[in-house]
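One letter stands for each residue in the lines below.
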Amino acid sequence: FAAAGLLVLSPAIAVIAAAIKLEDGGPIFYSQERTATFGDTFTVYKFRSMVPEGESVEPTEDDENDRITRVGRFLRQSHLDEIPQLWSILIGEMSVVGPRAVWTEEEEQYLETAVDTWRKRWFVKPGLTGLAQVNDVTGANPDEKLRHDLQYVKSQSFTYDIKLVTRQIWMVGTDAYNTFRGD
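First, a word on what this report is: a plain description of the structure on this page. (Residues numbered from 1 in each chain as written. Predicted model: local features only at pLDDT ≥ 70, side-chain atom pairs only at ≥ 80, totals over all residues. Heavy atoms only, no water.)

Section: the pairing of strand S1 (residues 29-35)
Walk down a regular strand and you will see the side chains alternate between the two sheet faces.
Then step 1. Where S1 and strand S2 (residues 41-47) come together, 7 bridges link them in antiparallel fashion. Pairing of Glu33 across the sheet is with Thr43, part of S2.
Then step 2. Remark: 5 residues form the turn of the hairpin made by S1 and S2, two consecutive strands paired antiparallel; Phe38 in that turn has positive phi of roughly 55°. (Pairing = 2+ DSSP bridges. Helix = DSSP H or I, 4+ residues; strand = E, 2+ residues; numbered from the N terminus.)

Overview of the packing of aromatic side chains
Then step 1. Tallied over the full model, the rule gives 3 aromatic pairs.
Then step 2. Ring geometry for Phe29 and Phe47: centres 5.4 Å apart, planes at 15°, overall stacked. In this pair, Phe29 sits in strand S1 while Phe47 sits in strand S2, placing the two residues 18 residues apart along the sequence.
Then step 3. With a centroid separation of 6.0 Å and 15° between ring planes, the pair formed by Tyr152 and Tyr160 is classed as stacked. There is no split in this pair, since Tyr152 and Tyr160 are both buried. (Phe/Tyr/Trp six-rings, centres within 6.5 Å; stacked < 30°, edge-to-face > 60°. Buried < 20%, exposed > 50% of the residue type's maximum accessible area, 1.4 Å probe, protein only.)

As for the pattern of salt bridges
Pairing between side chains of opposite charge can happen when the charged atoms of each approach one another.
Then step 1. Scanning all chains against the criterion turns up 7 salt bridges.
Then step 2. A salt bridge links Lys46 to Asp81; the shortest N-O distance between them is 3.6 Å. Residue Lys46 is located in strand S2, and its partner Asp81 is located in the loop between helix H3 (70-78) and helix H4 (85-90); the two are separated by 35 residues in the primary sequence. Exposure class is identical for Lys46 and Asp81. Each is buried.
Then step 3. Taking the shortest distance from any N to any O, the salt bridge between Asp149 and Lys145 comes out at 3.0 Å. On the criterion of helical spacing, the pair formed by Asp149 and Lys145 is a turn pair, its members being 4 residues apart in helix H7 (residues 142-155).
Then step 4. Using a relative accessible area of 2% as the deciding quantity, one classes Asp149 as buried. (Salt bridge = Lys/Arg side-chain N within 4 Å of Asp/Glu carboxyl O.)

Following this line, the structure appears as structure tokens:
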């Protein structure tokens, strides 16, 4: 899945890389340490959507965030900023479906409030998409995110993963279409 995705999307990857570089001359990729299975960490890559050094552990709404670049706003709205995560799937650090990997700093915040419950997420590999994502739940609502993640951990199966991937592809397609239309 990841290899095919990277191959098919290689023209888009080249265009996105050029657009990011042309906008402000900064780095093309953004890397971040994320928590994986059993609390291990790995580096995840995304196309940079914010001004360099613009990241924060605190979740914010994109529309209120002036740190997001013009190209970055488009990438986020169309979900194209996520394409480099296919590399993490290809090398086995992530799965296509699973609880969303969170920043190591964000993980520490969650562990302070719900240690035992939060660690249950560690029993499955983090995913590019998951139940929380297809239900539009973000880190801004950590209790709801955790509820969806734990429901996935309990219910995971190949059939369930196919359903979630299908829903995510539909959502991404709809968002990309609306972004290209200018909605």
